[in-house]
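Given next are the chains, with one letter for each unit.
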Amino acid sequence: MHTNSGRLTKDGIRIYEASDFAGMHAAGRQAAEILDEIAPHIFPGQTTGEIDRLITEMVTVSGSTSATIGYRGYQHASCISVNHVVCHGIPGDKVLKDGDILNIDVTVIVGGWYGDTSRMYVAGKPNRKAERLIQVTHDALMKGIEAAKPGNTFGDIGHAIQLHAESYRMSIVRDFCGHGLGRVFHAAPNVLHYGRPGEKAVLEEGMFFTIEPMVNLGRPETKVLADDWTAVTRDKSLSAQFEHSIGITAQGAEIFTSSPKGLFHPTYG
Ligand code: MF3
Ligand code: CO
Ligand code: CO
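A. Looking closely at the site of ligand 1. Among the 14 residues in the neighbourhood of ligand 1, the closest are listed as Thr68, His179, His186, Glu212 and Glu243. Between ligand 1 and aspartate 105 there is a distance of 3.1 Å, counted from a nitrogen atom to a side-chain nitrogen or oxygen. Summarising the interface, the protein chains cover 96% of the accessible area of ligand 1, which totals 340 Å² for the free molecule. When atoms are counted within 2 Å of each cavity's grid points, the one that captures over half of ligand 1 is the largest pocket. Classifying every residue of the shell around ligand 1 by side-chain character gives five nonpolar, five polar and four charged.

Put into structure tokens, the structure is as follows:
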């Protein structure tokens, strides 16, 4: 068994060593590569089950391990959340149709380190509202990452994300949040995607966590379906999400899950 490196802050947030960044880069890159490779397989007529089968194969071929298969009883290498599904959509028989928007979320383990990332894809051509939702959600994540630097607080991150989404009259989901990660999948802190400047824990060099805002076109409320995983918007409005795993350095945030091919944003802008 490995021993965990670094120390814990008074808020229970692990501070990793400079040498731990390399492991997170390798894991994050592997997850991002899989999201790059899956892009050509998203089209009208495709099923979410086939997409997950391809992802499972990619994980195997890469020599990494899926963090989600077997996690709390979950049985797939990805979560695929289509249209009004907010997160944790279970891949299956669902057939994508023209204009559907979907989030694919993949977490892999490489050398004991976790790489967790998700992004939006479009089957065929999105309508203008869907395109705007995707753009605003992407930009909200990036505003959050810009606020992620030593001396700022987690409230500063949440505030930046919330301000951006709400300025476009879209809403931030409250029921799910980002999380610390490293040699574990989910750890302190809960990274909220809303909040007030200056509140919550102060960021320090060596913290590893995800930021993964979910933004709705309608109201923020969600509910979980009878399968105990699939979260949907209560008002059935469209929802989008992007997720990066990052590490805090003296300069700011280092993104571990950048797309090697520059495909993070689905319109590739
Ligand atoms: N990858 C998700 C996250 O961002 C967690 C998925 S857990 C699963 O934290 F079991 F649903 F896969
Ligand atoms: Co995550
Ligand atoms: Co994820």
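Continuing now.
B. Up close: the coordination of the cobalt ion (ligand 2). Within the protein, the atoms that donate to the cobalt ion (ligand 2) are Asp116 (OD), His179 (NE2), Glu212 (OE) and Glu243 (OE), at distances of 2.0 to 2.2 Å. The site at the cobalt ion (ligand 2) holds six donor atoms, and with the angles between them running 51 to 161°, its shape is irregular. Written as a sequence motif, the donor residues of the cobalt ion (ligand 2) are D-x62-H-x32-E-x30-E. A separation of 3.3 Å is found between the cobalt ion (ligand 2) and the cobalt ion (ligand 3), both of which receive a donor from aspartate 116.

C. Just the coordination of the cobalt ion (ligand 3), in detail. At the metal site, the cobalt ion (ligand 3) is ligated by Asp105 (OD), Asp105 (OD), Asp116 (OD) and Glu243 (OE), and these contacts range over 2.1 to 2.3 Å. Around the cobalt ion (ligand 3), the six donor atoms sit at angles spanning 58 to 169°, and that spread fits a shape best called irregular. Read in sequence order, the donor residues for the cobalt ion (ligand 3) give the motif D-x10-D-x126-E. Among the residues examined, aspartate 105 registers a relative accessible area of 12% and is labelled buried.

D. Structural context of the sheet that holds strand 8 (residues 171-172). Strand order in the open sheet made by the three strands is 8-12-15, with antiparallel pairing throughout. The two strands at the open ends of the sheet, each matched to only one other strand, are strand 8 and strand 15 (239-241). One ladder, built from two bridges, connects strand 8 with strand 12 (residues 214-216); its direction is antiparallel. Residue serine 171 lies in a different strand from strand 12, and its bridge partner there is asparagine 216. Packed onto the sheet, helix 3 (residues 128-146) meets strand 12 and strand 15 and runs at close to 35° relative to strand 15.

E. The arrangement of the nonpolar core in detail. With 33 residues, the main nonpolar core has Phe154, Ile157, Phe209 and Ile211 as its most contacted residues. Every element with two or more residues in this core is listed here: strand 7 (113-122), helix 3, helix 4 (154-167), strand 11 (208-211) and strand 16 (244-248). Considering each element in turn, this core owes the most residues, seven residues, to helix 3. Among residues more than four places away in sequence, those in contact with isoleucine 157 are Gly144, Ala147, Ala148, Leu203, Phe209 and Ile211.

Calculation criteria
- Residues numbered from 1 in each chain as written.
- Chains lettered and ligands numbered in written order.
- Predicted model: local features only at pLDDT ≥ 70, side-chain atom pairs only at ≥ 80, totals over all residues.
- Heavy atoms only, no water.
- Near = heavy atom within 4 Å.
- Polar contact = N/O pair within 3.5 Å; in protein donor to acceptor, adjacent residues only side chain to side chain.
- Areas by Shrake-Rupley, 256 points an atom, 1.4 Å probe, with all protein chains shown as cover.
- 1 Å grid on protein atoms, 1.4 Å probe; cavity = no way out; pocket = protein on both sides within 12 Å on 5 of 7 lines; lining within 4 Å.
- Sits in = over half its atoms within 2 Å of the grid points.
- Nonpolar A, V, L, I, M, F, W, Y, C, P; charged D, E, K, R; others polar.
- Donors = N, O, S within 2.8 Å, 3.2 Å for Na, K, Ca; no water.
- Tetrahedral: all angles 85-135°; square planar, octahedral: opposite > 155°, others 65-115°.
- Buried < 20%, exposed > 50% of the residue type's maximum accessible area, 1.4 Å probe, protein only.
- Pairing = 2+ DSSP bridges.
- Helix = DSSP H or I, 4+ residues; strand = E, 2+ residues; numbered from the N terminus.
- Contact = heavy atoms within 4.5 Å.
- Axes fitted to C-alpha atoms, helices over the stretch in contact; angles between N-to-C directions.
- Core = buried A, V, L, I, M, F, W, Y, C linked by side-chain atoms within 4.5 Å.

Fair warning: the whole summary comes from geometry, so function is off the table for now.
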